[in-house]
Amino acid sequence: METSLTQAFIKNFLGNAPEWYKIVIVLFLVMNPFILWGFGPFVTGWLLIAEFIFTLAMALKCYPLPAGGLLAMEAVAIGLTSAESVYREAEHNFEVILLLIFMVAGIYFMKDILQYTFTRILVRVKSKIIISLMFCFAGAFLSAFLDALTVTAVIIAVAYGFYNVYHRYASGRDLKCEHDLCSDTYVERQNDRNDLLQFRSFLRNIVMHGAVGTALGGVCTLVGEPQNLLIGSEMGWHFADFFIMVAPISMPVFVTGMCTCVLVEKFKLFSYGAELPGNIRSHLLETAREMELARGVRGWAKIVVQAITGIWLMVALGFHLGAVGIIGLSVIVILTAFNGFIEEHQLGKAFEEALPFTALLVVFFAVVAVIHTQHLFMPVIDYVLSLEGQEQLAAYYTANGVLSMLSDNVFVATVYVSETKLAVTQTLGQIPGIAMTGEQLMAAMTDPDVSRATVLSTLPQVAADQASAIMTQFDKLAVAINTGTNIPSVATPNGQAAFLFLLTSAVAPVLRLSYGRMVLLALPYTITMSIVGFIATWYMNDILRFFGG
């Protein structure tokens, strides 16, 4: 009895995950306290980051929440961080948590109009290059004014809808019965299996083009990414100020991203270039026509309500009429009320996608808390702060880029901008003749309602020249932080919440979109965009002089 019960516990641990994976996780949990005792918290903290990245990389073997959660709990238990620190990180990112809970659920209730719109695009536009550009540009444009997670949720809904239609057809199942999209057991004909493999590859291409597009657009504007808003508030920049300040880097990178999209599709590089099989295109069109005929007046009324709600969503987010999550909740209320979703089980399905990832994100915040508590990034920060001029700009961009590949880019930007602002404030305080503290001068120079020229006019000429030079360099460093955390971070799902959301979404296992495959598909963008971003950062002074900045 004892033996069988022991075997049952072992079998239940991490469920159907491979045995080797279970052993690795147990080894992590056992050795971490000994590493802490032998090498200290700094080494153990970096080891924990590597272990957590491993759980993300194995997301198709085991959802990262159970294993990653155990590692996070152990980190708190052995003193790498505290429960209070984890709570503070979650509280600091509460708006992102609200966004995931409500906005993703809101997108679920808009799936009819999304499928209707994108089916039209997919079946009528024959060129794969044009389709790819459309998805990449749409992701960029929407992310510049909305937010990357919302746009990614739309991309996921579209890809999942397409795959669901054809997989059910190939499996001999209708659209109403229960069906496992991860299993090809019922796909009996070899031609259908081959088409399915190609269709998966096609959708992986489209999804990644759209996801990279969210990074291309997100870097450009004040509202594009959470760290942009943080940096803008610290610098006292308005929407137009932010766009103009980052444009010397963001615009060349945007063009590079679009060119990369065309090149990888044209020359079929890095597993891009998969075409949509003709019979699948025909089936999607036929299904769309059948659904339109069966939709009836009430169905079209729902489409109209979803379209109006989509306009409300863009207006509300574009003009920041409320927190993103609260706007998402308003979308749920409108669509459920006017489209007749009034039963609890109808509402529950909308939240199935978002809540597991929300829990995983809080676990990720625990890892961020370890980074913060143990000051794991401080050696890099201290080094780049010691540099000057052009070298400092390049070092800022590189350091932020590399660290954002490993950790959350919002956290990296938060740490860098706060530490940099503190150092610049101390430098301002050392200027003779300013008749105020460095803190007071910094507050005046970053006041969004007071022009910097007005503040400088109150200072003696020599002091004003020094303060102006210091703040000009600070502006450029802020731009380097923003672009560094936004552009190279496309390399891995760790860096951007939108990429992590895609990796752990329902569409990832059905498309076989693993961590490694995401890294491979992002690699051409990572290389081209990061290099162009670095060059633009290095020559930022020349670019600004050329445009009279």
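First, a word on scope: everything that follows refers to the structure included in this document. Quick caveat: nothing in here was measured; it's all calculated off a predicted structure.

## Notes on the state of the cysteines
Every disulfide links exactly two cysteines, by a covalent bond between their sulfur atoms. As enumerated under the stated definition, the model contains zero disulfides in all. C261 provides the cysteine sulfur closest to C136, a residue in no disulfide bond, and the two sulfurs are 4.8 Å apart. For C136, a relative accessible area of 0% puts it in the buried group. No disulfide involves C259; its sulfur sits 9.7 Å from the nearest other cysteine sulfur, which is in C261.

## Observations concerning the nonpolar core
By size, the foremost hydrophobic cluster in this structure holds 159 residues, and its most contacted members are F199, L216, Y416, L428 and L502. Residue contributions to this core peak at 14 residues, all from helix α9 (residues 148–171). Look past the residues within four positions of L216 in its chain and what remains in contact with it is C136, A140, V253, F254, G257, M258 and M529. Counting residues in hydrophobic clusters, the runner-up holds twelve residues, among them A17, I25, A75 and V370.

## Some details on the pattern of salt bridges
Summed over all chains, the structure comprises four salt bridges. With its nearest N and O atoms 2.9 Å apart, the salt bridge here joins E265 to K128. Note that E265 is positioned in helix α12 (residues 239–266) and K128 in helix α8 (residues 128–145), a separation of 137 residues in sequence. There is no split in this pair, since E265 and K128 are both buried.

## Focus on the packing of aromatic side chains
As enumerated under the stated definition, the model contains 18 aromatic pairs in all. A ring pair is formed by W20 and Y21, whose centres lie 6.1 Å apart and whose planes are at 80°; its orientation type is edge-to-face. What makes Y21 buried here is its relative accessible area of 0%. Between F137 and F141 the ring centres are 6.3 Å apart and the planes differ by 15°, which places this aromatic pair in the stacked class. Here the residue F137 and the residue F141 both occupy positions in helix α8, the gap between them amounting to four residues, near one helical turn. Taken together through their ring pairs, the aromatic side chains of W20, Y21, F28 and F54 make up a single cluster.

## Considerations on the environment of T526
When you line up the elements, T526 lands in helix α25 (residues 515–538). Measuring from C-alpha to C-alpha, the distance between T526 and A491 comes to 5.4 Å, with 35 residues separating the pair along the chain. Once you skip the residues sitting within four places of it in the chain, T526 turns out to touch P488, V490, A491 and I531.

## Some points on the environment of L122
Along the chain, L122 turns up in helix α7 (residues 111–124). Residues L122 and R281, 159 residues apart in the sequence, show an inter-C-alpha distance of 7.6 Å. When neighbours within four sequence positions are excluded, L122 is seen to be in contact with I131, F162, F202, L276, R281 and L284.

## Digging into the side chain of E74
Locating E74 in the fold gives a position in helix α4 (residues 64–77). Of the buried charged residues, E74 lacks a salt bridge, with K22 as the closest side chain of opposite charge at 19 Å. Contacts of E74, omitting those with residues within four sequence positions, involve F28, L29, V30, N32 and P33.

## Observations regarding α9
The end-to-end C-alpha distance of α9 is 34 Å, a good match for the 34 Å that 24 residues give at a rise of 1.5 Å each. With 21 of 24 residues buried, α9 lies mostly within the body of the structure. Just beyond α9, the residue with positive phi is G172, at close to 75°.

## A short note on the side chain of N486
Note that N486 resides in helix α22 (residues 461–486). Judged by its relative accessible area of 0%, N486 falls in the buried class. Within the structure, the side chain of N486 is placed 3.1 Å from the side chain of N228, a separation counted as a polar contact. From its side chain, N486 meets the backbone oxygen of N482 in a polar contact 2.9 Å long. Ignoring anything within four residues of it in the chain, the contact list for N486 reads A215, V219, E225, Q227, N228, N409 and Q496.

## What about the packing of helix α19 (residues 409–429) against helix α20 (residues 438–445)?
Packing of α19 against α20 brings their axes to within 7 Å, and their N-to-C directions diverge by 115°. Here α19 lies roughly perpendicular to α20, going by the angle between them. The hand of the α19/α20 crossing is right-handed. Facing α19, whose interface residues are K421, V424, T425, L428 and G429, α20 presents G438, E439, L441 and M442.

## Quick look at the packing of helix α11 (residues 226–235) against α19
At a closest axis distance of 9 Å, the pairing of α11 and α19 adopts a crossing angle of 15°. Viewed along their axes, α11 and α19 adopt a mutual orientation that is roughly parallel. The chirality of how α11 crosses α19 is right-handed. Facing α11, whose interface residues are P226, Q227, L230, I231 and E234, α19 presents N409, V410, A413, T414, V417 and K421.

## Quick word on unusual backbone geometry
Unlike most non-glycine residues, K268 shows phi in positive territory, near 55°. Within the element layout of this structure, K268 appears in the loop between α12 and α13 (278–318). The phi angle at S271 is positive, at roughly 65°, despite the residue not being glycine. Among the secondary structure elements, S271 is positioned in the loop between α12 and α13. Note on S271: relative accessible area 39%, which makes it partly exposed.

Rules and cut-offs
- Residues numbered from 1 in each chain as written.
- Predicted model: local features only at pLDDT ≥ 70, side-chain atom pairs only at ≥ 80, totals over all residues.
- Heavy atoms only, no water.
- Disulfide = S-S within 2.5 Å.
- Buried < 20%, exposed > 50% of the residue type's maximum accessible area, 1.4 Å probe, protein only.
- Core = buried A, V, L, I, M, F, W, Y, C linked by side-chain atoms within 4.5 Å.
- Helix = DSSP H or I, 4+ residues; strand = E, 2+ residues; numbered from the N terminus.
- Contact = heavy atoms within 4.5 Å.
- Salt bridge = Lys/Arg side-chain N within 4 Å of Asp/Glu carboxyl O.
- Phe/Tyr/Trp six-rings, centres within 6.5 Å; stacked < 30°, edge-to-face > 60°.
- Lys, Arg positive; Asp, Glu negative; His and termini not counted.
- Expected span 1.5 Å × (residues − 1).
- Polar contact = N/O pair within 3.5 Å; in protein donor to acceptor, adjacent residues only side chain to side chain.
- Axes fitted to C-alpha atoms, helices over the stretch in contact; angles between N-to-C directions.
- Parallel < 35°, antiparallel > 145°, perpendicular 65-115°, else oblique.
- Left-handed = near helix turned anticlockwise from the far one by under 90°.

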